Amino acid sequence: MYKILITGGSGFIGTHISLLLLERGYKLVILDSLINSSDNVLKKILRILKEKNLNCESKIDFYKGDLRDKFILGKIFLDALRTGSKIDGVIHLAGLKSVKESNLNPLDYWKVNVTGSISLIEIMQKYECRKLIFSSSASIYGDSEDIPFDENTRPKPLNPYTNTKLTVETFLKDIHKTNPSN
């Protein structure tokens, strides 16, 4: 049975992904700062699954914490090893996401979105976890006329939020180039 870490797992997208993965038998570790969500989400997920006659309480571990905190990230991976089921992969959804707010507080967006992603990759490398799904944003293409967007569409970020998303994409490509077999 695979164990997946979902950063930002209490958010809108994270909740839906969590439900789907639990229905399919995965074990989950959810890390969320609860800045844009609530710890009630976990109770709602379990209630929905119970209504479907699925008891998944033992399949979810929740950690409240900041993605930039390497101590908590390390603890998550170490706790998984101690329980005999390592983290097999990460779905990285955590980050600040308001375009308007990013224009008012760009430093916060760079610190959380970029530094947090770097911290996550450092800990993943330490624990030899090499599977990652990163939730970027179509907004990195700005006002591009190339619709629908694809991997060849040229990015045109228009604000700090989209700049941070594109920066993380570039960082992940660079990391992958150093070890493309993973």
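See the structure shown above.
Residues numbered from 1 in each chain as written. Predicted model: local features only at pLDDT ≥ 70, side-chain atom pairs only at ≥ 80, totals over all residues. Heavy atoms only, no water.

1. Side note on the packing of aromatic side chains
- Across all of its chains, the model carries 3 aromatic pairs by this definition.
- On the basis of an interplanar angle of 25° and a centroid distance of 6.1 Å, the ring pair of Tyr-2 and Tyr-26 is categorised as stacked. Taken together, the residues span a long stretch of sequence, with Tyr-2 in the segment before strand E1 (3-7) and Tyr-26 in the loop between helix H1 (12-23) and strand E2 (27-32) at a distance of 24 residues.
- In this structure Tyr-2 comes out as partly exposed when scored by relative accessible area, which is 49%.
- Its relative accessible area of 25% is what places Tyr-26 among the partly exposed residues.
- Taking 5.5 Å as the distance between ring centres and 20° as the angle between the ring planes, the aromatic pair formed by Phe-77 and Tyr-127 counts as stacked. One end of the pair, Phe-77, is in helix H3 (residues 70-82); the other, Tyr-127, is in the loop between helix H5 (106-126) and strand E5 (132-134), and 50 residues separate them in sequence.
- You can call Phe-77 buried: its relative accessible area is 2%.
- Tyr-127 sits in the partly exposed class, given a relative accessible area of 22%. (Phe/Tyr/Trp six-rings, centres within 6.5 Å; stacked < 30°, edge-to-face > 60°. Helix = DSSP H or I, 4+ residues; strand = E, 2+ residues; numbered from the N terminus. Buried < 20%, exposed > 50% of the residue type's maximum accessible area, 1.4 Å probe, protein only.)

2. What about the side chain of Asp-88?
- Relative to the helices and strands, Asp-88 is located in the loop between H3 and strand E4 (89-92).
- Overall, the relative accessible area of 18% leaves Asp-88 in the buried class.
- Within polar-contact distance, the side chain of Asp-88 engages the side chain of Lys-86 at 2.9 Å. (Polar contact = N/O pair within 3.5 Å; in protein donor to acceptor, adjacent residues only side chain to side chain.)

3. Quick look at the nonpolar core
- Among the nonpolar cores identified, the biggest contains 22 residues, and Leu-5, Leu-31, Phe-77, Ile-87 and Val-90 are the most heavily contacted of them.
- Among the elements of the structure, E2, H3, H5 and helix H6 (160-178) are those that each provide at least two residues to this core.
- In this structure, Leu-19, Leu-21, Ile-91 and Leu-93 belong to the second largest nonpolar core, which totals 15 residues. (Core = buried A, V, L, I, M, F, W, Y, C linked by side-chain atoms within 4.5 Å.)

4. Thoughts on the pairing of E4
- Neither face of E4 is exposed, since Gly-89 and Ile-91 on one face and Val-90 and His-92 on the opposite face are all buried.
- The pairing of E1 with E4 spans 4 bridges and is classified as parallel. Among the inter-strand pairings, Ile-4 is bridged to a residue of E4, identified as Gly-89.
- Note that E4 and E5 share 3 bridges and pair parallel. In the strand pairing of E5, Ile-91 is matched with Ile-133. (Pairing = 2+ DSSP bridges.)

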